[in-house]
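In case you want the letters, here they are:
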Amino acid sequence: FGAAVAFSIFLRQNSLPLLAMADLTAPSLAIGLAFGRIGCLMNGCCYGDRCELPWAVRFPVGRVPDTALVSRGFVLPDETFVFALHPSQVYMSLNGVILAVLTHAYFRYRHRDGSVLALGWLAYPVARFLMEYVRGDEMGQFNTPLTISQWVSMGLFVSGLVFLGWLMRRPATRMSAPAA
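Reference entry: report on the structure contained in this document. (Residues numbered from 1 in each chain as written. Predicted model: local features only at pLDDT ≥ 70, side-chain atom pairs only at ≥ 80, totals over all residues. Heavy atoms only, no water.)

For the rest of this paragraph, the subject is the nonpolar core. Formed by Tyr47, Phe59, Ala68, Leu69, Val75, Val82, Phe83 and Leu85, the largest nonpolar core amounts to eight residues. In terms of nonpolar packing, the next biggest core, distinct from the first, is built from six residues, Ala30, Leu99, Tyr124 and Met131 among them. (Core = buried A, V, L, I, M, F, W, Y, C linked by side-chain atoms within 4.5 Å. Buried < 20%, exposed > 50% of the residue type's maximum accessible area, 1.4 Å probe, protein only.)

Let us look at the pattern of salt bridges. Per the counting criterion, the structure on display carries seven salt bridges. A salt bridge links arginine 128 to glutamate 132; the nearest nitrogen and oxygen atoms lie 3.0 Å apart. Each member of the pair arginine 128 and glutamate 132 is classed as buried. Judged by its relative accessible area of 5%, glutamate 132 falls in the buried class. (Salt bridge = Lys/Arg side-chain N within 4 Å of Asp/Glu carboxyl O.)

The gaps of empty space that remain are located by a probe, the size of a water molecule, rolled over the atoms. Of the volumes computed, that of the largest pocket is approximately 1,000 Å³. Lining the largest pocket are 25 residues, and of these Phe1, Ala4, Leu29, Leu117 and Trp121 lie nearest its centre. Those elements giving two or more residues to the lining of the largest pocket turn out to be α1 (2-13), α2 (18-43), α4 (88-107), α5 (115-131) and α6 (148-169). When residues of the lining of the largest pocket are assigned to their parent elements, the largest contribution, eight residues, is made by α2. Among the residues making up the lining of the largest pocket, the classes are represented as 20 nonpolar, five polar and no charged. There is about 240 Å³ of room inside the second largest pocket. (1 Å grid on protein atoms, 1.4 Å probe; cavity = no way out; pocket = protein on both sides within 12 Å on 5 of 7 lines; lining within 4 Å. Points joined across faces, edges and corners; volume = space filled by probe spheres on them. Helix = DSSP H or I, 4+ residues; strand = E, 2+ residues; numbered from the N terminus. Nonpolar A, V, L, I, M, F, W, Y, C, P; charged D, E, K, R; others polar.)

The geometry of α1 relative to α2 is characterised by a closest axis approach of 10 Å and an angle of 130° between their N-to-C directions. Regarding the angle of α1 to α2, the classification is oblique. Two packed elements cross with a definite hand, and for α1 against α2 that hand is right-handed. Note on element contacts: α2 touches α1 through Leu18, Met21, Ala22 and Thr25, opposite Phe7, Ser8 and Leu11. (Axes fitted to C-alpha atoms, helices over the stretch in contact; angles between N-to-C directions. Parallel < 35°, antiparallel > 145°, perpendicular 65-115°, else oblique. Left-handed = near helix turned anticlockwise from the far one by under 90°. Contact = heavy atoms within 4.5 Å.)

Attention shifts here to the packing of aromatic side chains. The geometry of two aromatic rings is summed up by the distance between their centres and the angle between their planes. Counted under the stated rule, the structure contains four aromatic pairs. Between phenylalanine 163 and tryptophan 166, the ring centres sit 5.8 Å apart and the planes meet at 35°, which makes this aromatic pair tilted. Taken together, the residues phenylalanine 163 and tryptophan 166, both in helix α6 and three residues apart, mark about one turn of the helix. Phenylalanine 163 sits in the buried class, given a relative accessible area of 12%. Between arginine 50 and the ring centre of phenylalanine 83, over which it is positioned, the NZ or CZ distance is 3.9 Å. Residue placement shows arginine 110 over the ring face of phenylalanine 107; its charged tip is 3.9 Å from the ring centre. (Phe/Tyr/Trp six-rings, centres within 6.5 Å; stacked < 30°, edge-to-face > 60°. Lys NZ or Arg CZ within 6 Å of the ring centre and 35° of its normal.)

None of the figures reported here should be taken as evidence of function without further support.
Here's what the structure looks like:
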């Protein structure tokens, strides 16, 4: 949220169109998500639930998944291994790449400035909500089976719908790209 505020201030100070620039940067945000999740994989955070698939990952004893699973009682403290887990970080990284390709491809077909941002704003929380079903690092919140990330995803999706509604009521303006 801080980056969005800083981005808005920068654009205002430089007299640049907010919605057009948001469309232009949306694919980059998704690439940032993709790289960020690789960092999560390397750290061991944001880990998945138990997995028996061939691409499951095992984290070393003493890493984030091990200590968390021991503290929850899923793994005994003297175990020498952590059971195989979904590589949810890789799934989310791939999702970031797909979202970047999707928003980049849609850019040339957008009907108005802000529509690429709206696409990313609506697609990301859907993918994140679904991803939570294979994650194992968060438990349900507010006496529900939904994780905090699912609650945030629902809020993001609703705010994305509000943004899209606001956008559709505005005059259709589209900043054209300079000729190459």
